Amino acid sequence: MSSSPSRRVPIQSQKVDAPLTSSATFLVLQIADGADAAATVRDAISGIDDIVKNVGFRDLDAMLSCTVGIGPAAWPRLTARRAPAELHPFAPVVGAAHTAPSTPGDLLFHIRANRQDLVFEFERQLLDALGDAVTVIDETTGFRYFDVRDLLGFVDGTANPVGNAVNDSTLVGAEDGDNVGGSYVVVQKYLHELDQWQSLTTEQQEAIIGRKKADNVELDDAVVGQKSHKTLATIVVDGVEHDILRDNMPFGSPGSSSFGTYFIGYSRYLWVIEKMLENMFIGDPPGAHDRLLDFSKATTGCTFFAPSADFLSSLADEQLPA
């Protein structure tokens, strides 16, 4: 066990801006029917910090953390508090050429650490606590690829906010007083056609992404015609740019020729991510979709809300109406 001179305790749960790590598991679950299953889930997720401590003490430098997201259908089963103002099921985005599908999910666990064994052990203890109250819908394990690149070869997450802008971009404020400090979360699983992508020239790839491949330098926006992925994913309203925080991870299996990116976006406002997906799949203007989608197919889509740590820890003590 290593010890850190700067840290004495594990990272608190619900830290949306927990450090980027080399490993992560994205676990999407569905809650079984019945009040007993909901009660089991409330007990487990309200005590998520205990599991982080159980596992994370082995190596604090590995920065184990977990963020829990609650889906719109599960919210009234787990708490009597008013639902977040924008929380609703992921709405499919149907474009002329590509679709962002909506898939089931009541709970999201975003488990991060710099050691995969800690991620594994955390997930094992979590699922033991949940037992037959849940069913696993999707379990995806990601990894850091070279210098924070995706499997397409480009640096990912460059547009993330920094400094004080992180909280302003990701955490709900006074506009939704009952849910201050929480964050909307959208997850999507994208599968890449690497052979087709690699058949393009570097210049063609750069034009699609909107950045240089080698040094990540941003390319100028197109004045007319097809816009790049970078431009379509930048949301500006009335001269104000609205950021989100991404912690995307590559995943894959060369043996089964399966390669992809797991997108996870945290935002103060759900509409920002929804507008981003509308630009990508429908196009801006409509019909001029994100050309990255010609090589990267969305296979899942879920919306969650990650409440504050205090909110989460109080769930076990909350009395629900009959």
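Our subject is the structure listed above.
Anyway, here's the lowdown on the structure attached to this text. (Residues numbered from 1 in each chain as written. Predicted model: local features only at pLDDT ≥ 70, side-chain atom pairs only at ≥ 80, totals over all residues. Heavy atoms only, no water.)

**What to know about the nonpolar core**
Point 1. In terms of nonpolar packing, the biggest core is built from 56 residues, with Phe109 and Phe122 touching the most fellow members.
Point 2. The element contributing the most residues to this core is helix H9 (residues 270–281), with seven residues.
Point 3. Residue contacts for Phe122: discarding those within four places in its chain leaves Ile48, Ile51, Val52, Val55, Leu64, Cys66 and Ile111.
Point 4. One finds Met249, Tyr262, Ile264 and Tyr266 within the second-largest nonpolar core, a separate group that totals 17 residues. (Core = buried A, V, L, I, M, F, W, Y, C linked by side-chain atoms within 4.5 Å. Buried < 20%, exposed > 50% of the residue type's maximum accessible area, 1.4 Å probe, protein only. Helix = DSSP H or I, 4+ residues; strand = E, 2+ residues; numbered from the N terminus. Contact = heavy atoms within 4.5 Å.)

**Digging into the pattern of salt bridges**
Where charged atoms of side chains with opposite charge meet at close range, the side chains can pair.
Point 1. Scanning the model with the defined rule gives 19 salt bridges in all.
Point 2. Residues Asp247 and Arg112 are paired through a salt bridge, measuring 2.9 Å at the closest nitrogen-oxygen approach. Remark: Arg112 occurs in strand S5 (residues 107–113) and Asp247 occurs in the loop between strand S10 (245–246) and strand S11 (249–253); sequence separation between them is 135 residues.
Point 3. Taking relative accessible area as the criterion, Asp247 reaches 5% and is therefore assigned buried.
Point 4. Ionic pairing is found between Asp138 and Lys189, a salt bridge with its closest N-O pair at 3.0 Å. (Salt bridge = Lys/Arg side-chain N within 4 Å of Asp/Glu carboxyl O.)

**Describing the pairing of S11**
Point 1. Of the strand pairs in this sheet, S11 and strand S12 (residues 258–267) are connected by five bridges, and their pairing is antiparallel. Looking at the pairing, Gly252 lines up with Phe259 of S12.
Point 2. The turn joining S11 and S12, which pair antiparallel and follow one another in sequence, is formed by four residues; a positive phi near 55° is taken by Ser257. (Pairing = 2+ DSSP bridges.)

**Here's the deal with the packing of aromatic side chains**
Point 1. Applying the stated criterion across every chain yields a total of nine aromatic pairs.
Point 2. Each ring, one from Trp75 and one from Phe305, has its centre 6.0 Å from the other, and the planes form 75°; the classification is edge-to-face. With Trp75 in helix H3 (residues 75–78) and Phe305 in strand S14 (residues 302–306), this pair connects stretches of sequence that are 230 residues apart.
Point 3. Plain terms: the ring middles of Tyr145 and Phe146 are 4.5 Å apart, the flat faces sit at 45° to each other, and that makes the pair tilted.
Point 4. Look at Tyr145 and you get partly exposed, because its relative accessible area is 28%.
Point 5. For Phe146, a relative accessible area of 68% translates into the label exposed.
Point 6. Here the aromatic cluster, defined as three or more aromatic residues joined through ring pairs, consists of Trp75, Tyr184, Phe305 and Phe311. (Phe/Tyr/Trp six-rings, centres within 6.5 Å; stacked < 30°, edge-to-face > 60°.)

**Focus on helix H2 (residues 48–56)**
Point 1. The set of residues buried in H2 consists of Ile48, Ile51, Val52, Val55 and Gly56. Angular distribution of buried residues about the axis of H2 spans 110°; they occupy a single face of the element. (Arc of directions from axis to C-beta.)

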